[in-house]
Amino acid sequence: MRWVRRLVTVFAVLLGLAVAAGSGLWIWKPWVPSLDLVEPGSTGRRIAEAGVFANYFPAPAATSSGAVLILGGSEGGLGNGGRRMALELQKAGYAVLQAAYYRAPGQPPNLELVPLEAFDRALAWLGRQPGVTPDRIAVIGISKGAEAALLVATRHPELRAVVAGVPSSVVWAAINWEYGGGGIESSWSHGGKPVPALAYGAYDWDQGVYSVYKNGLGALAQHPETIIPVEKALAPLMLICGEADALWPSCEMARQVESRARAQGGPAVELHAYKDAGHAAIGVPVPKSNPNYERLGSLGGTPEGNAQAREDGWPKIIAFLKANLAPPQPAPPN
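Peer 1: Looking at this structure, how should I read the pairing of strand S10 (residues 237–242)?
Peer 2: Consecutive residues of a regular strand have side chains that alternate between opposite faces of the sheet. Of all six residues in S10, six are buried; the element is thus mostly enclosed. Bridge count for strand S7 (residues 161–165) against S10 is four bridges, and the pairing is parallel. Bridging from a neighbouring strand, alanine 164 pairs with leucine 239 of S10. Pairing geometry for S10 and strand S11 (residues 269–274), over six bridges, is parallel. Bridging from a neighbouring strand, cysteine 241 pairs with alanine 273 of S11.

Peer 1: Looking at this structure, how should I read the packing of helix H3 (residues 80–91) against helix H8 (residues 303–324)?
Peer 2: Remark: H3 packs on H8, axes separated minimally by 12 Å, with the N-to-C direction vectors making an angle of 50°. As the angle between them shows, H3 and H8 are arranged oblique. Note that H3 runs across H8; the crossing there is right-handed. Where H3 approaches H8, its residues Met85, Glu88 and Leu89 are matched on the opposing element by Trp314, Ile318 and Leu321.

Peer 1: Is there a simple way to think about the nonpolar core in this case?
Peer 2: A general tendency of soluble globular proteins is for nonpolar side chains to be buried together. Leu69, Leu97, Trp172 and Trp188 are the most contacted members of the largest nonpolar core, which totals 61 residues. By residue number, the principal contributor to this core is helix H5 (residues 144–155), which donates seven residues. In this view, leucine 97 contacts Val52, Ala54, Asn55, Tyr56, Val68, Leu69, Ile70, Ala122, Trp125 and Leu126; residues no more than four positions away in its chain are not counted. Core analysis: the second largest hydrophobic core is formed by 27 residues, Val96, Met238, Tyr274 and Ala281 among them.

Peer 1: Before we go on, may I ask you to explain the state of the cysteines in this structure?
Peer 2: Under the definition given, this model contains one disulfide. Paired by a disulfide, cysteine 241 and cysteine 251 hold their sulfur atoms 2.2 Å apart. In this structure the cystine formed by cysteine 241 and cysteine 251 twists about its S-S bond by roughly 100°; its chirality is therefore right-handed. Here cysteine 251 lies in helix H7 (residues 250–263) and cysteine 241 lies in strand S10, a separation of 10 residues in the sequence. Cysteine 241 sits in the buried class, given a relative accessible area of 0%.

Peer 1: Before we go on, may I ask you to explain the sheet that holds S10 in this structure?
Peer 2: Adjacent strands of a sheet form backbone hydrogen bonds with each other and so pair up, either parallel or antiparallel. Within the open sheet, the eight strands sit side by side as S1-S2-S4-S3-S6-S7-S10-S11. Their pairing is mixed. Of all strands in the sheet, those with a lone pairing partner are strand S1 (45–49) and S11, marking the two edges. Adjacent strand axes in the sheet meet at a mean angle of 20° when their direction is disregarded.

Peer 1: Got a minute to help me understand empty space enclosed by the protein in this structure?
Peer 2: It is a probe the size of a water molecule, rolled over the atoms, that shows where empty space is left. Applying the stated criterion across every chain, the model contains one cavity of 30 Å³ or more. One number sums up the size of the largest cavity: a volume of about 60 Å³. Looking at the largest cavity, the residues that line it are Gly51, Val52, Phe53, Leu71, Ala99, Ala100, Tyr101, Gln107, Ala118, Phe119 and Ala122. Looking at the lining of the largest cavity, the elements that each hand over two or more residues are strand S2 (52–57) and helix H4 (117–127). Per element, the largest residue contribution to the lining of the largest cavity is three residues, and it comes from H4.

Peer 1: Before we go on, may I ask you to explain the pattern of salt bridges in this structure?
Peer 2: Going through the model one piece at a time under the given rule, you end up with nine salt bridges. Between lysine 214 and glutamate 252 there is a salt bridge whose closest N-O contact spans 2.7 Å. Taken together, the residues lysine 214 in helix H6 (residues 209–217) and glutamate 252 in helix H7 connect sequence positions 38 residues apart. Exposure remark for lysine 214: the relative accessible area of 33% places this residue in the partly exposed category. Put simply, glutamate 258 and arginine 262 hold a salt bridge, and the shortest N to O gap is 3.6 Å. Taken together, the residues glutamate 258 and arginine 262, both in helix H7 and four residues apart, mark about one turn of the helix.

Peer 1: Mind showing me how you'd approach the pairing of S2 here?
Peer 2: Counting buried positions along S2 gives six out of six residues, so the element sits mostly inside the fold. Neither face of S2 is exposed, since Val52, Ala54 and Tyr56 on one face and Phe53, Asn55 and Phe57 on the opposite face are all buried. Sheet analysis places S1 next to S2, joined by five bridges and oriented antiparallel. Counterpart to glutamate 49 in the pairing with S2 is valine 52.

Peer 1: Even after reading the chapter, I still don't get the sheet that holds strand S8 (residues 188–190), so can you show me in this structure?
Peer 2: With mixed pairing, the three strands of this open sheet are ordered in space as S5-S8-S9. A single partner strand is all that each edge strand has here, and the edge strands are strand S5 (114–115) and strand S9 (193–194). Looking at chain direction, S5 and S8 are connected through two bridges and run parallel. Residue valine 114 lies in a different strand from S8, and its bridge partner there is tryptophan 188.

Peer 1: Even after reading the chapter, I still don't get the environment of alanine 263, so can you show me in this structure?
Peer 2: Note that alanine 263 resides in helix H7. Residue classification places alanine 263 among the exposed residues on the basis of a relative accessible area of 62%. Spatially, the C-alpha atoms of alanine 263 and glutamate 231 are 8.7 Å apart, while their sequence positions differ by 32 residues.

What counts and what doesn't
- Residues numbered from 1 in each chain as written.
- Predicted model: local features only at pLDDT ≥ 70, side-chain atom pairs only at ≥ 80, totals over all residues.
- Heavy atoms only, no water.
- Buried < 20%, exposed > 50% of the residue type's maximum accessible area, 1.4 Å probe, protein only.
- Helix = DSSP H or I, 4+ residues; strand = E, 2+ residues; numbered from the N terminus.
- Pairing = 2+ DSSP bridges.
- Axes fitted to C-alpha atoms, helices over the stretch in contact; angles between N-to-C directions.
- Parallel < 35°, antiparallel > 145°, perpendicular 65-115°, else oblique.
- Left-handed = near helix turned anticlockwise from the far one by under 90°.
- Contact = heavy atoms within 4.5 Å.
- Core = buried A, V, L, I, M, F, W, Y, C linked by side-chain atoms within 4.5 Å.
- Disulfide = S-S within 2.5 Å.
- 1 Å grid on protein atoms, 1.4 Å probe; cavity = no way out; pocket = protein on both sides within 12 Å on 5 of 7 lines; lining within 4 Å.
- Points joined across faces, edges and corners; volume = space filled by probe spheres on them.
- Salt bridge = Lys/Arg side-chain N within 4 Å of Asp/Glu carboxyl O.

Next up, the structure:
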């Protein structure tokens, strides 16, 4: 089968590296990202109940501006980037749930057949909190979290807004760290069954990991069942991407989402593409004095380009949430 052959290409590359370095490479597994389970800090609390593992940051005022579910990327767990976003959103008046969906206690160790029901539970938990109403919730997802956020939007018509940062337009095959990051199964499942997924394409030494996504998209016409049906979503979408993304073609996929929504009568889409930014195009602004500033360009673009994208994009996210999570206006008297 074609998809198996494509995956074997990726695995063969990794296997060759492992043989060259000795079997210790497979024991060490340097390709596995470090796992963070950051504590929420003084303004939040850790949640580990009802199938939800998360950090919760309640709104600072008695009356919330709305609530936001944050989903991180393929690193899994609960990362610092998500916490920084949560804290800034909390300051802006939102109740925020930074939820893990894999690699946390009680969750799958790989991004493989992760149940979409995990997001249902997170949204239900968030909607039950004091000051939060289920009809004023938004989702922000980054990278694989954006893939999840768009899928969640197709299944939750009550959502009021979705922000998908460096997103995917399709469901991708799994990320299984035991096999060098490749995978045969789908990333996601629903009702115990795999969600149809697009296989990785051939690996190109010059383009690296980017190539397996770019080349995989070349087979999309033969696998339309893997496209995320964003037209089923009711919530308006904000898409943020980096034209120089070196991890996957986030702007190409963002435009596919925008095009499908328009063609299929889907929700309104607001797309912001940043020319000199990469996979770090979305997030809380990072000042040049920050010791991590230079790392902003590690997945495409320049540090300056990614920093400028964040400076421009973050206020747009806040404005988008404010516009879409505002309380319903009372009907004028007759």
